[in-house]
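Geometric and topological summary
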Amino acid sequence: MPGILVPALSLLLAPLLLGSELRNTSRTFVLDYSQDRFLKDGKPFRYISGSIHYFRVPRFYWMDRLLKMKMAGLNAIQTYVPWNFHEPQPEHYKFSGDHDVEYFIKLAHKLELLVILRPGPYICAEWDMGGFPVWLLQKPSIILRSSDPDYLEAVDKWLGVLLPKMRPLLYQNGGPIIAVQVENEYGSYFACDYDYMRFLQKRFRYYLGDDVFLFTTDGANKEFLKCGTLQGLYATVDFGAELNVTKAFLHQRHVEPKGPLINSEFYTGWLDHWGQPHSKVSTAELTSTLTEILARGASVNLYMFIGGTNFGYWNGANTPYAAQPTSYDYDAPLTEAGDLTRKYFAIRKIIKKFEGIPEGPIPPSTPKYAYGKVVLQKVATVAEALGVLCPDGPINSFYPLTFVEVKQYYGFVLYRTTLPQDCSSTITLSSTFDGVHDRAYVAVDGVPQGILDRNEETHLTIEGRAGATLDILVENMGRVNYGMFIKDFKGLVSNLTLDGNILTNWTIFPLNTEATVHSRLAVWKKRHASRRGAGHHGAGLRRADPRGTDLLLPKDFIQNSSSYTLPAFYVGSFSIPQGIPDLPQDTYIQFPGWTKGQVWINSFNLGRYWPARGPQKTLFVPQHILTTSAPNNITVLELEWAPCGSQALDPCVVELVNEPIIGTGHSSQGMIPNDT
């Protein structure tokens, strides 16, 4: 079966799904406390579900992933709804394209998959700020996940937009939604505010009605369940394969003496962090515990069944601060790219022992294509491009302002001031009180000095004369998504000091990288194309002179003065080969010799790369963003060190390959080839 067949099927079904109304029926989904089970239309029922996040999978592939989940034997899917994904600015809503959650749910319904909805308002999910929109932080004193009046007002307004869209999709109204979770693992949060939970319960009932099954989820721990549960909301637990099933469900029985046993998050894998090994969960251990759960008659949701991708800037972080990578592969039964794995078939085999498995072929893994190496040309440093990146001009402030204060919610902000004194090798730039959130790239008069990093590198020796320009490019690497520190401000969140003295008089440039990539880099590429023919790489590197002239520096200057190059944009393009059937196909982009940055293809923000830190070495490139009718444009913002920085005769190259690399080995080791 061609790799594009199933996505094409979803396009064929779209008019049918979007044009049809879900019928009201007398269908019911209720708790049967006397027999510790669910009754669906009066008959005993338990769900075997899998988590899929529509916001981590392109709409182009929703049908493919859902069909693979159905063919594994699942009778339901579970998904979060991230508030920030749908309301990035106050009262500016997104519910079309990849944001069309209603279409996604209808698509599951068409495949006869039930839906377990987790609309938050907090979701965790290793997603930026746990799904909260950043603009909530415009009131710095706001207490999230509490009865704070400003917080409740925003939540109520959001629920008044989202939940009415969900009500027609409830099972009782002819749709697939059998259960709706209220909040998420609230017992793990410090506030323990029962008034807040009661507020949510009342609003969910108001918008969804009295018949919908509402539940909570908390870790299988007595303390977590103490603050996470509320009378009138059915309490469920989550745990992984390493826990004793009997003990875990005893925690649920402590708060729910009767009713179905439910593991709402049975972990098939685990999350990753930059700089740590790729997480894996043994298939044998997983299937053994799954067998025990199902043998007890429990309902279960496998988290994740497919992880997907943190495209753009959407990844979250944990504390002590550790950001999650672009890939959310999760070692799940379906890979980040939706490929079948041995774990998938092992789980399917277990489910088959307890429930019926649909007949018919399983959609195969989508084919991947290695388009090869692409040469990139440096077009401009961030400092050179400020007029384009910040068209409205900078903001002046005596002390530094946070990202929220300048209304720059994601990406980058450049902070600029001047050195008040001569600086030699003994003068230290310091981030007091953990003031850099999250990573800062420091330069003096266009000469890279080094990096300040949250929790790690908080002091940096710099050199320069009094009056020299000090540039600090701050990267938001993803907001904390779990725990008491989810109110995660970005930028220079406290003063920087030089030799113990506070730096002041800042010029602050919020950088609109998305608009720049969309509209201007093609112009830069054309403007700089002549340099390739003129031997630009061998001509040396230039830096801006504060007196207004350019100084030509020897090509090894950067290497000798620093182990960094200035943050800069690089562009290149590649064409899809002609005469090969079924192209374009999915691919992966690899960064040989590059260090850390952001990458776009055809203006689509693929996410962050950091092969120098790992474990992720390649980024997934879905086929729907590629084109056969014109060259495909690649834009890279390298923040630390480009491979053509020191050896000027060597070009900067990225490579499009047909296998992913996560960690020390290929994540495809557990994948099932298409020809088996």
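A brief look at the structure comes next. These numbers were taken from a predicted model, which means no experiment stands behind them.

Of all the positions in helix α8 (residues 245–255), only V245, A248, F249 and Q252 are classed as buried. Projected down its long axis, α8 shows its buried positions confined to an angular sector of 90 degrees, all on one face. For α8, exposure combined with an orientation more than 90 degrees from the buried face picks out K247, L250 and H254. Here the buried face of α8 lies against α7 (222–228), β9 (234–240), β10 (262–267) and α9 (283–295). At the N-terminal boundary of α8, the capping side chain belongs to N244, with an oxygen 3.0 Å from the backbone nitrogen of T246.

On to the sheet that holds strand β3 (residues 43–45). The strand order across the open sheet formed by three strands is β1-β2-β3, and the pairing between neighbours is antiparallel. Strands at the two margins of the open sheet, each flanked by one partner only, are β1 (29–32) and β3. In this sheet, adjacent strand axes meet at a mean angle of 40 degrees when their direction is disregarded. The pairing of strand β2 (residues 37–40) with β3 spans three bridges and is classified as antiparallel. Following the sheet pairing, F38 is matched in β3 by F45.

A word on the state of the cysteines. Counted according to the given criterion, the structure contains two disulfides. One disulfide bridge connects C192 with C227, the sulfur atoms lying 1.9 Å from each other. Because the sign of the S-S torsion sets the handedness, a value of about -85 degrees for the bond joining C192 and C227 places this disulfide among the left-handed ones. In this pair, C192 sits in the loop between β7 (177–181) and α6 (194–208) while C227 sits in helix α7, placing the two residues 35 residues apart along the sequence. Here C644 pairs with C652 through a disulfide, and the sulfurs are 1.9 Å apart.

Let's shift gears to the side chain of T516. Looking at the element boundaries, T516 is found in helix α12 (residues 513–519). Exposure remark for T516: the relative accessible area of 1% places this residue in the buried category. Only 2.9 Å separates the side chain of T516 from the backbone oxygen of N512, close enough to count as a polar contact.

We now examine the packing of aromatic side chains. Counting across every chain of the model gives 52 aromatic pairs. For the ring pair W270 and Y330, a centre distance of 6.4 Å and an interplane angle of 50 degrees mean the geometry is tilted. You can see W270 sitting in the loop between β10 and α9 and its partner Y330 sitting in the loop between β13 (322–323) and α10 (342–354), a full 60 residues away along the chain. Geometrically, the ring pair formed by F398 and Y399 is edge-to-face, given 4.8 Å between the ring centres and 80 degrees between the ring planes. Look at F398 and you get partly exposed, because its relative accessible area is 46%. When its relative accessible area of 41% is taken as the criterion, Y399 is described as partly exposed. Connected via pairs of aromatic rings, a cluster forms that spans W83, Y93, F95, Y122, F132, W135, Y151, W158, Y186, Y189, F190 and Y196. Against the face of Y189 rests R145, its NZ or CZ located 4.5 Å from the ring centre.

Parameters and conventions
- Residues numbered from 1 in each chain as written.
- Predicted model: local features only at pLDDT ≥ 70, side-chain atom pairs only at ≥ 80, totals over all residues.
- Heavy atoms only, no water.
- Buried < 20%, exposed > 50% of the residue type's maximum accessible area, 1.4 Å probe, protein only.
- Helix = DSSP H or I, 4+ residues; strand = E, 2+ residues; numbered from the N terminus.
- Arc of directions from axis to C-beta.
- Contact = heavy atoms within 4.5 Å.
- Polar contact = N/O pair within 3.5 Å; in protein donor to acceptor, adjacent residues only side chain to side chain.
- Pairing = 2+ DSSP bridges.
- Axes fitted to C-alpha atoms, helices over the stretch in contact; angles between N-to-C directions.
- Disulfide = S-S within 2.5 Å.
- Phe/Tyr/Trp six-rings, centres within 6.5 Å; stacked < 30°, edge-to-face > 60°.
- Lys NZ or Arg CZ within 6 Å of the ring centre and 35° of its normal.

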